[in-house]
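Tertiary structure, described
Below are the chains, spelled out letter by letter.
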Amino acid sequence: MTLRFRNLGSGSSGNATVIQAREGTQVTHLLVDCGLGIREMHKRLGRAGMLAEQVDAVFITHEHADHIGCVRALAVRERIPVYMSHGTYVAMGEPDFDGLLRVARDGVAIEIGAMQVRPFTVPHDAREPLQLTCTDGAVRMGVLTDLGRSSDHVMQELSGCATLLLECNHDPHMLETGSYPWPLKRRISGGWGHLANEAAAAIALALRDAGLKRVVAAHLSEQNNRPDLARAALAPVMGCDAQDIVCADGANGCEWFDA
Ligand SMILES: [Zn+2]
Ligand SMILES: [Zn+2]
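It should be emphasised that the depicted structure is a prediction, and the values quoted were computed from it without experimental measurement. (Residues numbered from 1 in each chain as written. Chains lettered and ligands numbered in written order. Predicted model: local features only at pLDDT ≥ 70, side-chain atom pairs only at ≥ 80, totals over all residues. Heavy atoms only, no water.)

Glancing now at the sheet that holds strand β9 (residues 130-135). The sheet built from 7 strands is open, its strands ordered β7-β8-β9-β10-β11-β12-β13 with mixed pairing. A single partner strand is all that each edge strand has here, and the edge strands are β7 (110-112) and β13 (246-247). Pairing between strand β12 (residues 214-218) and β13: 2 bridges, direction parallel. The residue bridging Val 216 from the neighbouring strand is Val 246, located in β13. Relative to the sheet, helix α8 (residues 197-208) contacts β10 (140-144), β11 (163-167) and β12, its axis offset from that of β11 by approximately 160°. Taken strand by strand, helix α9 (residues 227-238) contacts β11, β12 and β13, and its axis lies near 160° from that of β12. (Pairing = 2+ DSSP bridges. Helix = DSSP H or I, 4+ residues; strand = E, 2+ residues; numbered from the N terminus. Contact = heavy atoms within 4.5 Å. Axes fitted to C-alpha atoms, helices over the stretch in contact; angles between N-to-C directions.)

The next point concerns the environment of Glu 23. For Glu 23, the location among the structural elements is in strand β2 (residues 16-23). Beyond its immediate chain neighbours, meaning those up to four positions away, Glu 23 contacts Met 1 and Ala 114.

Glancing now at the coordination of the zinc ion (ligand 1). Protein coordination at the zinc ion (ligand 1) comes from Asp 66 (OD), His 67 (NE2), Asp 146 (OD) and His 219 (NE2), with a distance range of 2.1 to 2.2 Å. Around the zinc ion (ligand 1), the 4 donor atoms are arranged such that angles at the metal cover 92 to 164°; this shape is classified as irregular. The sequence pattern describing where the donors of the zinc ion (ligand 1) fall on their chain is D-H-x78-D-x72-H. A separation of 3.6 Å is found between the zinc ion (ligand 1) and the zinc ion (ligand 2), which are bridged by Asp 146. Placement of His 67 in helix α2 (residues 65-68) and of Asp 146 in the loop between β10 and α5 (152-158) is noted, with a sequence separation of 79 residues between them. Under the relative-accessibility criterion, His 67 is labelled buried at 0%. With a relative accessible area of 1%, Asp 146 lands in the buried category. (Donors = N, O, S within 2.8 Å, 3.2 Å for Na, K, Ca; no water. Tetrahedral: all angles 85-135°; square planar, octahedral: opposite > 155°, others 65-115°. Buried < 20%, exposed > 50% of the residue type's maximum accessible area, 1.4 Å probe, protein only.)

Listed as protein donors to the zinc ion (ligand 2) are His 62 (NE2), His 64 (ND1), His 124 (NE2) and Asp 146 (OD); their distances from the metal cover 2.2 to 2.5 Å. Relative to the metal, the 4 donor atoms surrounding the zinc ion (ligand 2) lie at angles of 90 to 167°, and the coordination shape comes out irregular. The sequence pattern describing where the donors of the zinc ion (ligand 2) fall on their chain is H-x1-H-x59-H-x21-D. A relative accessible area of 21% places His 64 in the partly exposed class.

Enumeration according to the criterion identifies 0 disulfides in this entry. Cys 168 takes part in no disulfide bond, and the closest cysteine sulfur, belonging to Cys 247, lies 6.9 Å away. On the accessibility criterion, Cys 247 (13% relative accessible area) is buried. (Disulfide = S-S within 2.5 Å.)

Our focus in this paragraph is the nonpolar core. Residues Leu 144, Leu 158, Leu 164, Leu 166, Ala 204, Val 215 and Leu 234 are the most contacted members of the largest nonpolar core, which totals 29 residues. Secondary-structure elements contributing two or more residues to this core are α5, β11, α8, β12 and α9. Ignoring anything within four residues of it in the chain, the contact list for Ala 204 reads Leu 166, Leu 212, Val 215, Leu 234, Val 237 and Met 238. The next biggest cluster of nonpolar side chains, apart from the first, holds 27 residues, and it includes Phe 59, Ala 104, Ile 112 and Cys 134. (Core = buried A, V, L, I, M, F, W, Y, C linked by side-chain atoms within 4.5 Å.)

On to the packing of aromatic side chains, then. Aromatic ring pairs are reported here in terms of the distance separating the ring centres and the angle at which the planes meet. Summed over all chains, the structure comprises 2 aromatic pairs. Over the face of the ring belonging to Trp 256 we find Arg 4, whose NZ or CZ atom lies 4.3 Å from the ring centre. Its guanidinium or amino end placed over the ring of Trp 192, Arg 149 lies 4.8 Å from that ring's centre, counting from NZ or CZ. (Phe/Tyr/Trp six-rings, centres within 6.5 Å; stacked < 30°, edge-to-face > 60°. Lys NZ or Arg CZ within 6 Å of the ring centre and 35° of its normal.)

Next comes the structure, spelled out in structure tokens:
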């Protein structure tokens, strides 16, 4: 059994991550978020060595534009089931998924081929946002982007994850002194916005005793963060050199990683 993942793009320009579980000859691919145009999505799946028809299911974390992108077109064209919360579906305007919509709920596990997915709620300014953990039965990984702060619930759900794709959205000083209008600054730094590097590091630190071995930094703001700042925040916590912390970027995401 193996569990691997590859981010295809991360940040406000569009988010998408492929998680692959392999058990014997059975290979399962879950696409987490679909925040790119359809052509770009095909291109980036291709770069990951995949075709869209190999995607077994899509999971949409929430309705913000950088996460939904081409989901309807991709799902309907390729006949891929799409999981999202009822709140996300309502906030998207209840689009017609042609029978492919599946409702995801906090704490209710979903079996998709060789993997089991467990969604959980997070504090973020969307209608009913869900992030997730995923396991092949042997190892567990987590996806945690788009949240303003941690919670007991979030930490409980992530306990036991070996690998985490973790939002490092901004450096508080860069955000404060940057060019964003004040209400947007307040939204991003607030408890329903996005995680600062230090907040991400605190989450990683708390999860280390619960088995966390690797983090990949994600959803970095191009305006309010730099990869070296995210690496500097995470490296001491993970006990590694700064250059060993990978940051998924907007244009290329990251390479494949074993979870
Ligand atoms: Zn986002
Ligand atoms: Zn969001």
